[in-house]
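# Overview (structure and organization)
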Amino acid sequence: MGPEDFPRKNALQAIHQALGSKLDSDWNGMPIPQHYSTDAYDEVAIVRSKAGLFDVSGLRIIDVSGADVVAVLNKMLTTDVDGLKAGQSAISNIVDENGSLIDDVLVYRDGPTEFRLSHGGGSLEDVIDGFFAGSQSTWAKDDDVHILSLQGPLALDILAPHAEKDLSKLKYFEHAPNVLFGKTVSIARGGYSAERGYEVFSSAADAPFLWDKIMEAGKPFGICAASWDCLDIVRVEGALLFFPFDMPKGDETPWEVGADWTVDLTKLDFNGKAALEKRKSEIRSANVGIEIDAHEAIEPGAKLVKDGKEVGTVNSTTYSRHLMKSIALGSVPPELKAIGTTFEVVSPAGTFTAHVVRTPFYDPHRLRTHPLEERA
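Now for a quick tour of the structure. (Residues numbered from 1 in each chain as written. Predicted model: local features only at pLDDT ≥ 70, side-chain atom pairs only at ≥ 80, totals over all residues. Heavy atoms only, no water.)

Right, let's talk about the packing of aromatic side chains for a bit. According to the stated counting rule, one finds six aromatic pairs in the structure shown. For the pair Phe242 and Phe245, a centre-to-centre distance of 5.0 Å together with 50° between the ring planes defines the contact as tilted. Members of the aromatic cluster, connected to one another through ring pairs, are Trp27, Tyr192, Trp228, Phe242 and Phe245. Over the face of the ring belonging to Tyr362 we find Arg48, whose NZ or CZ atom lies 3.9 Å from the ring centre. (Phe/Tyr/Trp six-rings, centres within 6.5 Å; stacked < 30°, edge-to-face > 60°. Lys NZ or Arg CZ within 6 Å of the ring centre and 35° of its normal.)

Further remarks concern unusual backbone geometry. The peptide bond linking Phe243 to Pro244 adopts the cis configuration, its omega dihedral lying at 5°. That bond from Thr359 to Pro360 is cis: its omega, 0°, falls within 30 degrees of zero. Mapped onto the fold, Pro360 is located in the segment after strand E19 (350–357). In this structure, Leu23 takes a positive phi of about 50° despite not being glycine. Among the structural elements, Leu23 can be located in the loop between helix H1 (13–18) and strand E1 (25–27). Here Arg366, not a glycine, exhibits a phi torsion of approximately 55°, which is positive. (Helix = DSSP H or I, 4+ residues; strand = E, 2+ residues; numbered from the N terminus.)

On to the pattern of salt bridges, then. Per the counting criterion, the structure on display carries 21 salt bridges. Linking Arg48 and Glu195 is a salt bridge whose minimum nitrogen-to-oxygen distance equals 3.1 Å. One end of the pair, Arg48, is in helix H2 (residues 40–49); the other, Glu195, is in the loop between strand E11 (183–189) and strand E12 (197–203), with 147 residues separating them in the sequence. In this pair, the class of Arg48 matches that of Glu195, namely buried. A salt bridge links Asp82 to Arg109, with the shortest nitrogen-to-oxygen separation between them at 3.7 Å. Of this pair, Asp82 sits in the loop between helix H3 (69–76) and strand E5 (89–95) while Arg109 is found in strand E6 (residues 101–111), placing the two residues 27 residues apart along the sequence. One continuous salt-bridge network, built from bridges that share partners, spans Arg8, Arg60, Glu125, Lys141 and Asp143. (Salt bridge = Lys/Arg side-chain N within 4 Å of Asp/Glu carboxyl O. Buried < 20%, exposed > 50% of the residue type's maximum accessible area, 1.4 Å probe, protein only.)

Roughly 370 Å³ of volume is contained in the second largest pocket. Put simply, the parts of the chain that give the lining of the second largest pocket at least two residues each are E1, helix H7 (228–237) and strand E16 (309–320). When residues in the lining of the second largest pocket are grouped by element, the largest group, seven residues, is from E16. For the lining of the second largest pocket, the class distribution of residues is 13 nonpolar, eight polar and three charged. (1 Å grid on protein atoms, 1.4 Å probe; cavity = no way out; pocket = protein on both sides within 12 Å on 5 of 7 lines; lining within 4 Å. Points joined across faces, edges and corners; volume = space filled by probe spheres on them. Nonpolar A, V, L, I, M, F, W, Y, C, P; charged D, E, K, R; others polar.)

This brings us to the packing of H3 against helix H4 (residues 124–132). In a pair of packed helices, the angle between the axes and the distance between the axes together describe the arrangement. In contact at an axis separation of 10 Å, H3 and H4 are set at 130° when each is read in the N-to-C sense. Regarding the angle of H3 to H4, the classification is oblique. Of the two elements, H3 crosses H4, and the hand of that crossing is right-handed. For the pair formed by H3 and H4, the contact residues are Val72, Leu73, Lys75 and Met76 on the first element and Leu124, Ile128, Phe131 and Phe132 on the second. Residues of the contact of H3 with H4, tallied by class, amount to seven nonpolar, no polar and one charged. (Axes fitted to C-alpha atoms, helices over the stretch in contact; angles between N-to-C directions. Parallel < 35°, antiparallel > 145°, perpendicular 65-115°, else oblique. Left-handed = near helix turned anticlockwise from the far one by under 90°. Contact = heavy atoms within 4.5 Å.)

Here the focus is the sheet that holds strand E9 (residues 145–151). Read from one edge of the open sheet, six strands run E10-E11-E12-E9-E3-E13, paired in mixed fashion. In this open sheet, the two edge strands, each paired with only one partner strand, are strand E10 (175–180) and strand E13 (224–225). Pairing geometry for strand E3 (residues 52–55) and E9, over four bridges, is antiparallel. Within the sheet, the bridge partner assigned to Phe54 lies in E9 and is Ser149. (Pairing = 2+ DSSP bridges.)

What follows deals with the pairing of strand E4 (residues 60–66). Judged by how many residues are buried, E4 sits mostly within the fold: five of seven residues are covered. Relative to strand E7 (residues 114–119), E4 runs antiparallel, the two sharing six bridges. Opposite Val64, over in E7, you have Phe115 as the bridge partner. With five bridges joining them, E4 and strand E8 (residues 137–141) adopt antiparallel strand pairing. Each bridged residue has a counterpart across the sheet, and for Val64 the counterpart in E8 is Trp139.

Read these as layout, nothing more, since geometry by itself doesn't imply function.
Structure (structure tokens):
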């Protein structure tokens, strides 16, 4: 497999190949740089101490707008999008009529009747037509947009001098139009690294120019290009869920994956609300952080065993060289979610002892992404 085998084209293809990527894997039909010729652990160290530039253009972006778009989105999503001001964003979810998660969605409000939806590997595009049918609003995929994500404690220092508008005033989960290196973009504060970060939304045509300019500006700060191998490590360290890999049953509710904060049951109605109200008292599993007594990453899907009985699964895993620990996100019965609960992890690599720990594994108070001075 190579980049020519995938339906979506990555405007950064030549750049990624020059960095050693074969672009032989994809996400949502777009080739992604899973590996570079550099060591992913070295990339993690730079992201944690300086800044790394990720290409997350594999995300799907959908533009939605219209006179009744707020009502349509509120019917489709579990959150109340009317609470968002222009320039704010929020994580939400879509559930089916049974209350089961079918996608997670990042909602950007650009204006009174203009929104963007960003989603990964779920079923949003399979169901969205049904919600917009008969409405005064429309939706359209934007396959031109590319997203460059600069993550790390020095991200602001690298970008700020080259942005027309003051990036220091942008709070977490805020976004705004801007001009960066002379190119019209939208910049959002956020990311998937558990570090301070900025996501630059640009056209495909401008993406290579912006990548080169950000790397050039970041050179004095020690910037690196960061692969998806690196992204996998930092997001597990930050205990950030990845749909659907952290939902192994396939029919989990938000209550069962720790996403209850994305559900607003005070809304008059939304798809799956009645089922969610019922299933709030029928919780079968809980997502937990697990520290494993191993010197390597354990294979996802490994079994969690308690007193000789299989009780859960290991989902997202990594070996964190930064923390010097083998860690995982796992699913267990609610009665076994307490910190300190012990298990055996049974995997092809062997059997290991493990116990539940607090998450996030890295920066448990999320001070890197949510500094205290911004929480007032």
